[in-house]
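Secondary and tertiary structure notes
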Amino acid sequence: MVSKAETFRALHHHRAPGDPLVLPGPWDAASARVFAEAGFPALATPSAGVAASLGYADGETPADEMFAAIARITRAVDIPVSADVEDGYGLAPKELVERLLEAGAVGCNLEDSEHGALKDPRAHADWLAEVRSAAGGDLFVNARIDTFLRGVTDPERAIERAALYGAAGADCVYPIGAPTAVLPLLRAGIQGSVNVYARLDSDDGEGPSITALGELGATRVTFGPGLQRRAAQALGELAARLRA
């Protein structure tokens with residue numbers, strides 16, 4: 001029997017240009033059911049969206065509450081769910097993997113910065129290798145690369161980190177915040193799957209279409225907290241009408 005983790009991993013393979021895997025980000029069980037009922041084959045939780053649903057600022061959710069929220073989401077749907085667990089909350093790789101699997105996740109996002117600063121890439125790669133060893137094939141590891149977020153604009157620095165993380169066993173890399181113009185360069189320099197962030201809440205409106213992001217090199221597309229924020233905005237507009 002094919003596991004959910006194997007199903008999730010297979011969704012990333014053999015993607016045609018212009019047809020990236022689209023992974024909506026549920027922030028609670030109800031939103032997860034909406035996305036599953038809409039026909040999406042898998043989901044990827046955003047830590048910032050989950051934090052907002054729990055009443056925390058991004059990056060301030062206690063680990064126990066984050067894992068509990070992930071478990072509620074995975075119980076609500078039958079499709080694979082990957083979980084954003086930030087920088088791993090200081091957990092040892094074995095414990096991190098155990099808690100993700102206990103929560104029902106089939107994958108995870110792990111970022112390479114801590115307290116607003118980039119981690120040493122080789123040390124982080126060693127840590128990712130420990131996560132991969134502990135997880136075996138039971139978790140799809142998406143290694144977030146924070147260079148662009150931290151003001152390092154040279155794409156080669158992201159490509160270097162991607163090579164290290166891929167060699168450590170990451171299934172996918174996520175150069176979050178990469179400008180659209182550099183996506184073809186990143187795609188050319190990175191072996192394996194590439195996650196691209198589609199902005200729904202940018203100041204100048206929606207960014208490139210999902211098809212365009214795929215043509216520029218995205219293997220998969222996620223939205224961070226954008227969908228949760230859009231839903232909150234819609235709810236605010238409804239609330240204002242009810243008060244009118």
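Refer to the structure above for everything that follows.
The text that follows walks through the structure, step by step, so that each part is easy to find. For clarity, every value in this text was computed on a predicted model and none was experimentally measured.

**With respect to a nonpolar patch on the surface**
A contiguous nonpolar patch, built from Leu-235, Leu-238 and Leu-242 and spanning about 320 Å² of accessible area, is present on the exposed surface. The residue Leu-242 is located in helix α10 (residues 226–243) in this model. Residue Leu-242 is classed as exposed on the basis of its relative accessible area, which comes to 68%.

**Some thoughts on the nonpolar core**
With 59 residues, the main nonpolar core has Phe-67, Val-85, Leu-96, Leu-100, Leu-110 and Leu-186 as its most contacted residues. Counting residues per element, this core draws most heavily on helix α4 (residues 63–76), at eight residues. Not counting the four nearest positions on each side in its chain, Val-85 is found in contact with Phe-67, Ile-70, Leu-96, Leu-100, Cys-108, Asn-109 and Leu-110. Within the second largest apolar cluster, 10 residues are counted, among which are Leu-11, Ala-42, Ala-44 and Cys-172.

**Some thoughts on the environment of Arg-150**
In this fold, Arg-150 is placed in the loop between β7 (140–145) and α7 (155–167). Relative accessible area serves as the criterion here: at 35%, Arg-150 is assigned to the partly exposed category. For Arg-150 and Gly-107, which are 43 residues apart along the polypeptide, the C-alpha to C-alpha distance reads 25 Å. Arg-150 has contacts with Ser-113, Gly-116, Ala-117 and Leu-118, leaving out every residue within four places of it along the chain.

**With respect to the state of the cysteines**
Counting across every chain of the model gives zero disulfides. The thiol of Cys-108 is not disulfide-bonded; the next cysteine sulfur, from Cys-172, is found 11 Å away. Take Cys-108: its relative accessible area is 0%, and that puts it in the buried class.

**Description of the pattern of salt bridges**
Between side chains of opposite charge, a pair can form when the charged atoms approach closely. Applying the stated criterion across every chain, the model contains 10 salt bridges. Here Glu-98 ties to Lys-94 by a salt bridge, and the two come within 2.5 Å at their closest N and O atoms. Of this pair, Glu-98 and Lys-94 both sit in helix α5 (residues 93–102), four residues apart, which is roughly one turn of the helix. Using a relative accessible area of 35% as the deciding quantity, one classes Glu-98 as partly exposed. According to the relative accessible area criterion, Lys-94 is exposed, its value standing at 56%. Residue Arg-144 is joined to Asp-146 by a salt bridge in which the shortest nitrogen-to-oxygen separation is 2.7 Å. The same class applies to Arg-144 as to Asp-146, namely buried. Through salt bridges with shared partners, a single ionic network connects Arg-9, Arg-132 and Asp-171.

**Here we look at the sheet that holds strand β9 (residues 193–197)**
Strand order in this open sheet of eight strands is β1-β10-β9-β8-β7-β4-β3-β2, and the pairing throughout is parallel. A strand with exactly one partner marks an edge of an open sheet, and here the two such strands are β1 (21–22) and β2 (43–44). Where β7 meets strand β8 (residues 172–175), four bridges bridge the pair, whose relative direction is parallel. When the sheet's bridge partners are listed, Ile-145 is paired in β8 with Pro-175. The strands touched by helix α6 (residues 121–135) within the sheet are β4 (107–111) and β7, with β4 carrying the most contacts at an inclination of about 165°.

Conventions and cut-offs
Residues numbered from 1 in each chain as written. Predicted model: local features only at pLDDT ≥ 70, side-chain atom pairs only at ≥ 80, totals over all residues. Heavy atoms only, no water. Patch = residues over 30% accessible without salt bridge, like charges linked within 9 Å, V, L, I, M, F, W, Y side chains within 5 Å. Areas by Shrake-Rupley, 256 points an atom, 1.4 Å probe, with all protein chains shown as cover. Salt bridge = Lys/Arg side-chain N within 4 Å of Asp/Glu carboxyl O. Helix = DSSP H or I, 4+ residues; strand = E, 2+ residues; numbered from the N terminus. Buried < 20%, exposed > 50% of the residue type's maximum accessible area, 1.4 Å probe, protein only. Core = buried A, V, L, I, M, F, W, Y, C linked by side-chain atoms within 4.5 Å. Contact = heavy atoms within 4.5 Å. Disulfide = S-S within 2.5 Å. Pairing = 2+ DSSP bridges. Axes fitted to C-alpha atoms, helices over the stretch in contact; angles between N-to-C directions.

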